[in-house]
Amino acid sequence: MDIKDKVADANIARSKDKSISVSGTISKNSQQQAGHDMEVALNDAVAKGVVAGAQMADGYFGNPIQKTGTFAANTMAGYYDMNMITFNRSELTALYHSCWELRKGVDKVAEDMWARGVEIRDQEDPNKLKNLYTWFARQNSEMIYATEQARLFGGAVTLMMVDDGEKDLSKPLKLDRVKKGSRVNFYTTDRWYGVEQSTEKVDDFQDPAFGEPKFYNFQIDGVGESVKVHHTRVLRWVNKRSVRLVEVQLMGWGVSEVEAVLQDLMNYSNVKNSSASLVNKALVEIIKLQGLRSVMTGLAGGNAAASAVLSGQMAAINSFRSSNGVALLDASDDYQKHEMNFSGLSQLIDANRPIVAGAFNMPLFYLFGDLKTGVFNSEESPEARIYENFIGVRQNEMLYKNVRKLLILGAKVTGTELMEDFDFDFIPLYDRTEKAKQEELTSIKDAVTELMDAGVMTHESAFLELQSASKRTGFGLHLEDRDLELCRRADKAAEEEPQDEGGEDEARDEERKIATNTKRTDYNSLFEGGKK
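Residues numbered from 1 in each chain as written. Predicted model: local features only at pLDDT ≥ 70, side-chain atom pairs only at ≥ 80, totals over all residues. Heavy atoms only, no water.

S.K.: Whenever I open this one, the pairing of strand β2 (residues 155-162) confuses me. Can you help?
M.R.: Consecutive side chains of a regular strand alternate in pointing toward one face of the sheet and then the other. Among the 8 residues that make up β2, 7 are buried, leaving the element largely enclosed by the rest of the structure. Sheet analysis places β2 next to strand β3 (residues 184-190), joined by 7 bridges and oriented antiparallel. Paired with M161 across the strands is N185, a residue of β3. (Buried < 20%, exposed > 50% of the residue type's maximum accessible area, 1.4 Å probe, protein only. Helix = DSSP H or I, 4+ residues; strand = E, 2+ residues; numbered from the N terminus. Pairing = 2+ DSSP bridges.)

S.K.: How should I be thinking about the sheet that holds β3 in this particular structure?
M.R.: The strands making up a sheet associate through backbone hydrogen bonding, with each pair oriented either parallel or antiparallel. Taken in spatial order, the 3 strands of this open sheet run β3-β2-β7, and their pairing is antiparallel. Strand pairing shows two members of the sheet lacking a second neighbour, β3 and β7 (234-238), which therefore form its edges. Direction aside, neighbouring strands of the sheet carry axes that sit 15 degrees apart on average. Sheet topology places β2 next to β7; 5 bridges connect them, and they run antiparallel. (Axes fitted to C-alpha atoms, helices over the stretch in contact; angles between N-to-C directions.)

S.K.: What's the story with the packing of helix α4 (residues 100-113) against helix α6 (residues 140-153) in this structure? I'm lost.
M.R.: Angle between the axes and distance between the axes are the two parameters that describe a pair of packed helices. Between α4 and α6, whose axes approach to 9 Å, the crossing angle comes to 140 degrees. Between α4 and α6, the interaxial angle falls into the category oblique. The handedness of the crossing between α4 and α6 comes out as right-handed. Together, G105, V106, D107, V109, A110, E111 and M113 of α4 and I144, T147, E148, R151 and L152 of α6 make up the contact between the two elements. Broken down by class, the residue content of the contact of α4 with α6 amounts to 6 nonpolar, 2 polar and 4 charged. (Parallel < 35°, antiparallel > 145°, perpendicular 65-115°, else oblique. Left-handed = near helix turned anticlockwise from the far one by under 90°. Contact = heavy atoms within 4.5 Å. Nonpolar A, V, L, I, M, F, W, Y, C, P; charged D, E, K, R; others polar.)

S.K.: Help me understand the nonpolar core in this model?
M.R.: Looking at soluble globular proteins, one finds that nonpolar side chains tend to be buried together. If you look at the biggest cluster of nonpolar residues, it comprises 62 residues, and the most contacted ones within it are L102, W114, W237, Y387, V403 and L407. When residues in this core are grouped by element, the largest group, 11 residues, is from helix α13 (residues 382-414). Counting 14 residues, the second largest nonpolar core, distinct from the first, contains L441, M457, L466 and L484. (Core = buried A, V, L, I, M, F, W, Y, C linked by side-chain atoms within 4.5 Å.)

S.K.: Got a minute to help me understand the packing of aromatic side chains in this structure?
M.R.: Aromatic rings considered in pairs are described by the distance between their centres and by the relative angle of their planes. In this structure the tally under the stated criterion is 10 aromatic pairs. Geometrically, the ring pair formed by Y187 and F218 is edge-to-face, given 6.4 Å between the ring centres and 75 degrees between the ring planes. Here F218 lies in strand β5 (residues 215-218) and Y187 lies in strand β3, a separation of 31 residues in the sequence. Summarising the burial analysis for this pair, Y187 and F218 share the class buried. Every member of this aromatic cluster is reached through a ring pair, and the members are F365, Y366, Y387 and F390. Its end group placed over the ring of F215, K228 keeps NZ or CZ at 4.3 Å from the ring centre. Looking at R236, its charged tip hangs above the ring of W253, at a distance of 4.0 Å from the centre. (Phe/Tyr/Trp six-rings, centres within 6.5 Å; stacked < 30°, edge-to-face > 60°. Lys NZ or Arg CZ within 6 Å of the ring centre and 35° of its normal.)

S.K.: Would you mind going over the environment of T86 with me for this structure?
M.R.: Counting through the fold element by element, T86 comes out in the loop between α2 (28-48) and α3 (89-98). Owing to a relative accessible area of 0%, T86 belongs among the buried residues under this scheme. Once residues lying within four places of it in the same chain are set aside, the contact partners of T86 are L92, F153, W192, L250, G254, V255, S256 and E259. Separated by 3.1 Å, the side chain of T86 and the backbone nitrogen of S256 make a polar contact. (Polar contact = N/O pair within 3.5 Å; in protein donor to acceptor, adjacent residues only side chain to side chain.)

Dropping the structure here:
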């Protein structure tokens, strides 16, 4: 007799010899049915030679077997490989939508890169830039989205759609044909979805896009056929660069922001989930039931009756529990409760937060809203200043070319004249301290006053100098066109001042007197009297 027959006979004999009972009895027919079910199950298992490994579940935080935390795969003891998550779009998308720390780390930096706008330098009349600044600010939402996609996936593209009289988008954008008031629409997508770049590169070494794809094929949702687009109509967003070999594999795109933070983020999630798992195990209840071994044997054999008996009794016990902790059990049963206290869990979680924030190059407050170390003061906090410098570096690396391209298009649409070699600065993320503003204002005042007294600066030039520095100093924000006109009149009066030949009438003398008083008191009184 082989082992299969021995096991079957032994279990049949045991099922006939002993009834299964847990505070109750099962009929003889049920005993026979249970024995038959067990025989079938065991015979099938032995015949197939199945030896199944137990999948131990620890809530949703699995551990086959007792390795804990996603099988401890994330604790690699300082081991690194080239299995880059930048190439895994589906996993990046899942992380972005399911992990709030990751999403905030990606989005917050992108938002801050566009938060304050830009300031165009060396313009003859800054007042004429108001419409351009307004138009530029209205594009923030789309530009922030493009930057977020580039940070998450390593790259993104934005198609600029404007009427330049050219129906074939594979032709270069003709800015001279863009009319004032033209509408500009944008279509943004990440590097993986709905866009292909040509192998043909821009070969003009004087072109800012030198070495980049010359054309892009867009598959716009709902349009149908793909559209071939010239690179002058596209804003190309590239995140952090890598070594040359990897850049070739990335086809010129950048590395995902997730690449550098994933390990620390997984460790932090591991600590959080492990802490939650321990808390869930803080109360352990043990109920000892007479005859439970027989029931468990029946469950192992797939006995439905045994399952029903055990489930029914546990349901009955739970249904008679009271808020006072009273449980109804048979006199032969036993109930024990073990409570455990855990200390140091919150400190362990807090200790990992600065590591994650550091990986994102962000102050702890911005990522987690943590104010335990005191009130966050953007003017005084060293962390805030370090973060501001980081944002400035990323703006120049990632945004500069596209912002310039956008400003040129915006100037055409708003009818704004820009100098051919114009340049701009990104406005710092935080306002300067009042002390720093006052020091710069005093320096400008002294310089302007000295130049005006020496006769080498006009009232109009002084006005424009004040206005160009108003965003940095906070002084002169409300200077208007009428103030500029007053300066021009003062300059004109000074130029037309005739030589005194003793024959001037009284009205002319009075006009000269007013002009002279204006020249001597206008700016000095403003400086001494406070902000206008």
